[in-house]
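Take a look at the letters that make up each chain.
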Amino acid sequence: MKRLFVVATMGLSVIALSTGAEAKGCIKGAILGGIAGHYAGHGVLGALGGCAVGRHLANEQAARQAQQPVPQQGR
């Protein structure tokens, strides 16, 4: 029963906290954070923290890509 609750909580938190482009960073972070948290005895907290960090890093990467100038084609 506890395992079902943990899985349901993680699934709902991933769905609630992620949107479009940010989902990739959240899912990757939640997986890694959940694994690390599992070994520390706090799987759900690790997944939630991993999701937050993953989203932050994905947003930073998107901002860096948006700032890069588009190369002009030479004639």
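Everything numeric in this text was worked out from a predicted model, so none of it was measured.

Draft legend 1. Representation of the overall build of the protein. What the protein contains, in helices and strands, is three helices and zero strands. In sequence order, the protein lays out its α and β elements as α-α-α. Classification of the 75 residues of the protein by burial places 20% in the buried group. Of the roughly 6,000 Å² of accessible surface on the protein, a fraction of 66% belongs to carbon and sulfur atoms.

Draft legend 2. Up close: the environment of G25. For G25, the location among the structural elements is in helix 2 (residues 23-40). Separated by 26 residues in the primary sequence, G25 and C51 place their C-alpha atoms 7.0 Å from one another. Setting aside chain neighbours within four positions, we find G25 in contact with G54, R55 and A58.

Draft legend 3. Expanded view of the state of the cysteines. Tallied over the entire structure, the rule returns one disulfide. Shown here is the disulfide that connects C26 with C51, its sulfur atoms set 1.8 Å apart. In this structure the cystine formed by C26 and C51 twists about its S-S bond by roughly -90°; its chirality is therefore left-handed. Of the two residues, C26 sits in helix 2 while C51 sits in helix 3 (residues 43-67), which places them 25 residues apart along the sequence.

Draft legend 4. Representation of the environment of C26 within the structure. Given the relative accessible area of 0%, C26 is considered buried. The spacing of C26 and L57 is 31 residues in sequence and 9.3 Å in space, taken between C-alpha atoms.

Draft legend 5. Local environment of the confidence of the model for the protein. On average, residues of the protein score 77 in pLDDT, and 73% of them are at 70 or above. For the protein, helix 1 (residues 2-17) is the element with the lowest average pLDDT, namely 68, and helix 3 is the one with the highest, namely 86.

Draft legend 6. Quick look at a nonpolar patch on the surface. Together, I27, I31, I35 and Y39 line one region of the surface with nonpolar side chains, adding up to about 450 Å² of accessible area. In this structure, I31 sits in helix 2.

What counts and how
Residues numbered from 1 in each chain as written. Predicted model: local features only at pLDDT ≥ 70, side-chain atom pairs only at ≥ 80, totals over all residues. Heavy atoms only, no water. Helix = DSSP H or I, 4+ residues; strand = E, 2+ residues; numbered from the N terminus. Buried < 20%, exposed > 50% of the residue type's maximum accessible area, 1.4 Å probe, protein only. Areas by Shrake-Rupley, 256 points an atom, 1.4 Å probe, with all protein chains shown as cover. Contact = heavy atoms within 4.5 Å. Disulfide = S-S within 2.5 Å. pLDDT = per-residue confidence, 0-100. Patch = residues over 30% accessible without salt bridge, like charges linked within 9 Å, V, L, I, M, F, W, Y side chains within 5 Å. Salt bridge = Lys/Arg side-chain N within 4 Å of Asp/Glu carboxyl O.

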